[in-house]
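Here are the chains, one letter per residue:
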Amino acid sequence: MTPITPENLPLLKLVLAVLLGALTPLLGFLAGGTVAAVLLEIYGGEKNNHRKLAAALFARTLQGQTVALPTLLLVAAALACAGLVYPETGLGPAFAAASLLPLAVGLALLHLRPTLTARPSCPAWLGSAVVLTGAGALFAAMFVLLSGLALLLHPDQWPHLGRLPWLILSWNGLARFLEILVLSFGLTGAVILLCAAAEGGSTPGAEGFRRFACRTGAVLALVSLLAWPPLQLWGLYTLAGQARSGFLFALAIAALAVGLGLALILLNLLETSSPALAKPALLGFLALFLTGALSDHNARGTHLNEQTLPQGRARAAAFYPKAAALPEPPSTAAPAPAPSAAAADGEAVFQRICAGCHAFDRRVVGPPLNSVLGKYQGRLAELKGFIRKPVKINPDYPSMPQLGLAEPEIDAVARYLLQRAGE
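Residues numbered from 1 in each chain as written. Predicted model: local features only at pLDDT ≥ 70, side-chain atom pairs only at ≥ 80, totals over all residues. Heavy atoms only, no water.

The name an unreviewed UniProt entry gives the protein is Cytochrome c domain-containing protein, with Desulfuromonas versatilis as the organism.

S.K.: Is there a simple way to explain the overall build of the protein in this structure?
M.R.: Helix and strand content of the protein: 14 helices and zero strands. Shown N-terminal to C-terminal, the secondary structure of the protein runs as helices and strands in the order α-α-α-α-α-α-α-α-α-α-α-α-α-α. Restricting the contact set of the protein to residue pairs at least 6 apart, pairs at least 24 apart contribute 76%. Carbon and sulfur atoms make up 68% of the accessible area of the protein, which totals about 19,400 Å². (Helix = DSSP H or I, 4+ residues; strand = E, 2+ residues; numbered from the N terminus. Contact = heavy atoms within 4.5 Å. Areas by Shrake-Rupley, 256 points an atom, 1.4 Å probe, with all protein chains shown as cover.)

S.K.: Hey, could you run me through the UniProt feature "transmembrane region" (unreviewed entry) in the protein in this one?
M.R.: Taking the numbering used here, the UniProt-annotated feature "transmembrane region" (unreviewed entry) corresponds to residues 14-43, 67-86, 92-112, 124-153, 173-197, 218-240 and 246-270. Annotation note: span residues 14-43, helix share 100%, strand share 0%, distance between end C-alpha atoms 43 Å. Counted over residues 173-197, helix gives 100% and strand 0%. Its end C-alpha atoms are 36 Å apart. (UniProt positions renumbered as here; feature names shortened; annotations may be inferred.)

S.K.: Would you explain the nonpolar core in this entry?
M.R.: In globular proteins that are soluble, nonpolar side chains generally tend to be buried together. Grouped together as the largest cluster of nonpolar side chains are 74 residues, with contacts concentrated most on Leu53, Leu57, Leu225, Leu266, Phe285 and Leu288. Considering every element that reaches this core, the biggest residue donor is helix H1 (residues 9-44), with 14 residues. Ignoring any residue separated from it by four or fewer positions in sequence, one finds Leu57 in contact with Phe29, Gly33, Ala36, Ala37, Leu40, Val191 and Ile192. Counting 19 residues, the second largest nonpolar core, distinct from the first, contains Ile353, Cys354, Leu369 and Tyr416. (Core = buried A, V, L, I, M, F, W, Y, C linked by side-chain atoms within 4.5 Å. Buried < 20%, exposed > 50% of the residue type's maximum accessible area, 1.4 Å probe, protein only.)

S.K.: Looking at this model, I keep getting lost on helix H14 (residues 407-421). Mind explaining?
M.R.: Each α-helix winds once per 3.6 residues, and so residues spaced three or four apart point in a common direction. Here H14 contains 15 residues, and its C-alpha end-to-end distance of 21 Å stays within 8% of the 21 Å for a straight helix at 1.5 Å per residue. Every buried residue belonging to H14 is among Ile410, Ala412, Val413, Ala414, Tyr416, Leu417 and Leu418, and all of these are buried. (Expected span 1.5 Å × (residues − 1).)

S.K.: Even after reading the chapter, I still don't get helix H4 (residues 93-110), so can you show me in this structure?
M.R.: The terminal C-alpha atoms of H4 lie 25 Å apart, and with 18 residues this matches the ideal 26 Å at 1.5 Å per residue to within 8%. All of the buried residues in H4 are Phe95, Ala96, Ser99, Pro102, Leu103, Gly106, Leu107, Leu109 and Leu110.

S.K.: Would you mind showing me how to read unusual backbone geometry here?
M.R.: Excluding glycine, a negative phi dihedral is what most residues carry, and trans is how most peptide bonds are arranged. Positive phi, normally seen in glycine, also occurs at Ser273, with a value near 55 degrees. Here Ser273 shows up in the loop between helix H9 (246-272) and helix H10 (278-303).

S.K.: Explain the side chain of Ser128 to me, please; I cannot follow it from the model alone.
M.R.: Note on placement: Ser128 falls in helix H6 (residues 124-150). Residues contacting Ser128, with those up to four places away along its chain left out, are Val38, Glu41 and Ile42.

S.K.: What is the right way to read a nonpolar patch on the surface from this model?
M.R.: Among the surface-exposed residues, Val219, Val223, Leu260, Leu264, Leu267 and Leu270 lie close enough to one another that they form a single nonpolar patch of about 540 Å² accessible area. Per-element tally for the nonpolar patch: the top contributor is H9, with four residues. Locating Leu260 in the fold gives a position in helix H9. According to the relative accessible area criterion, Leu260 is exposed, its value standing at 55%. (Patch = residues over 30% accessible without salt bridge, like charges linked within 9 Å, V, L, I, M, F, W, Y side chains within 5 Å. Salt bridge = Lys/Arg side-chain N within 4 Å of Asp/Glu carboxyl O.)

S.K.: How do you make sense of the pattern of salt bridges when you look at a structure like this?
M.R.: With the rule as written, the count across this model stands at nine salt bridges. In this structure, the salt-bridge partner of Arg176 is Glu179, at a minimum N-O distance of 3.5 Å. Of this pair, Arg176 and Glu179 both sit in helix H7 (residues 171-198), separated by three residues, roughly a single helical turn. Exposure remark for Glu179: the relative accessible area of 9% places this residue in the buried category. Taking the shortest distance from any N to any O, the salt bridge between Glu207 and Arg211 comes out at 3.7 Å. Separated by four residues within a single helix, Glu207 and Arg211 lie in helix H8 (residues 204-237), roughly one turn from each other. What makes Glu207 partly exposed here is its relative accessible area of 33%. The network of salt bridges with common partners includes Arg176, Glu179 and Asp296.

S.K.: Any chance you could explain the environment of Lys389 here in plain terms?
M.R.: Along the chain, Lys389 falls in the loop between helix H13 (380-388) and H14. Exposure remark for Lys389: the relative accessible area of 60% places this residue in the exposed category. Sequence separation of Lys389 and Gly404 is 15 residues, and the distance between their C-alpha atoms is 9.2 Å.

S.K.: Which parts of the structure should I look at to understand the environment of Asp345?
M.R.: Counting through the fold element by element, Asp345 comes out in helix H12 (residues 344-354). Overall, Asp345 belongs to the exposed group, its relative accessible area being 57%. Each C-alpha atom, one on Asp345 and one on Pro408, is 9.3 Å from the other, the two residues being 63 residues apart in sequence.

S.K.: What is the right way to read empty space enclosed by the protein from this model?
M.R.: Regions of empty space are outlined by a rolling probe, equal in size to a water molecule, passed over the atoms. A complete count under the given rule lists four cavities of 30 Å³ or more for this structure. Counted as a void, the largest cavity has a volume near 220 Å³. If you go around the largest cavity, you meet 19 residues; those closest to its centre are Arg176, Glu179, Leu236, Ser295 and Asp296. Only H7, H8, H9 and H10 provide two or more residues apiece to the lining of the largest cavity. In terms of residue count, H10 provides more of the lining of the largest cavity than any other element does, six residues in total. Its residues assigned to classes, the lining of the largest cavity shows 10 nonpolar, six polar and three charged. (1 Å grid on protein atoms, 1.4 Å probe; cavity = no way out; pocket = protein on both sides within 12 Å on 5 of 7 lines; lining within 4 Å. Points joined across faces, edges and corners; volume = space filled by probe spheres on them. Nonpolar A, V, L, I, M, F, W, Y, C, P; charged D, E, K, R; others polar.)

S.K.: When you look at the packing of H4 against H6 in this model, what are you seeing that I'm missing?
M.R.: The axes of two packed helices give the description: the angle between them and the distance between them. Their axes nearest at 7 Å, the elements H4 and H6 cross at an angle of 160 degrees. Between H4 and H6, the angle is such that the two are roughly antiparallel. Both H4 and H6 take part in a crossing whose hand is left-handed. Of the residues in H6, those in contact with Phe95, Ala98, Ser99, Pro102, Leu103, Gly106, Leu107, Leu109 and Leu110 of H4 are Val130, Val131, Thr133, Gly134, Ala135, Ala137, Leu138, Ala141, Val144, Leu145, Gly148 and Leu149. A class-by-class count of the residues in the contact of H4 with H6 yields 16 nonpolar, five polar and no charged. (Axes fitted to C-alpha atoms, helices over the stretch in contact; angles between N-to-C directions. Parallel < 35°, antiparallel > 145°, perpendicular 65-115°, else oblique. Left-handed = near helix turned anticlockwise from the far one by under 90°.)

Structure follows, in structure tokens:
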């Protein structure tokens, strides 16, 4: 296997971004398209246009192994790439299984529908229930995948993933999932417009179907598009401060400009029912998925830099030996005086647990320790209480997680911090 080196690492990160950029619209349409088709069947009843549009959507989503196998391979490749680039996160086999298992179950259930509906004895509700369950499994796989990848922006949580697996949940991951969710239904609306454009013939029935499909697709896409900007802003707000950059905000502005153009196209479609605008609408939604993937890529590249990433690896190495895939660059700072024997254990605890987020002379994830430890001089018990049960103090920094240290470790690291800060 080719080793991960500083030379090929940027390429792997770009491959990960490309894979995610292809995966999110594919998974989104597979789930969103089947949900929309089932709802058309349920609420349309015996209406011909509803059932015809539902059949056209099912034909584009339930395509057997031609869709299922490439989807599974793309997800597996993205997971493998993320594991190679960020081995220190601990998102290993358990995370891969949590992503791939619901995905495989969902795809299997979606493609079970044609077999069920072909049987005269099978009730109609059973086929709908199977499809909705399969779509739910696909959305669950997307949620796990996006939430897990959101943790790449939180090196402070990497060492705890093995012990506290529920830390896979994050506000940023939830915001990204909801953003993909609404864009998925917007993309489904654009595909419905393609169904209208593909309808041939000039009979009264064909013209009526085209108008119905255009209105349905435009309304679904427009409602989804209106729900998207607040979720995009929420995702930016929940990003770690160090992950934000000028280029990231430029991408957000570009995405909003694309969204505005899309809204104008969809409003025109509502008035004219012109199928000729179906392809621009589809390309617009694909562009929004692409800008989202590029934004994630830029945020990871900005935040996981030469300071935070080596610090995160050093902190995680106690739990994941493979975390040292890339060597930490040598420090150019003058070596600090050796601590006393009484604080030696505290220094070991600091290097193992705290160094991933804190340095004494600069900001990493948390503030420079030299700027905050002064108020604790002569107040050892208060510092120990904060380490034991952290509380959020400065809104410019993320909350410090519960460290789960034993009392002797808390005492040792507190004494080391005060001694080091007083030097």
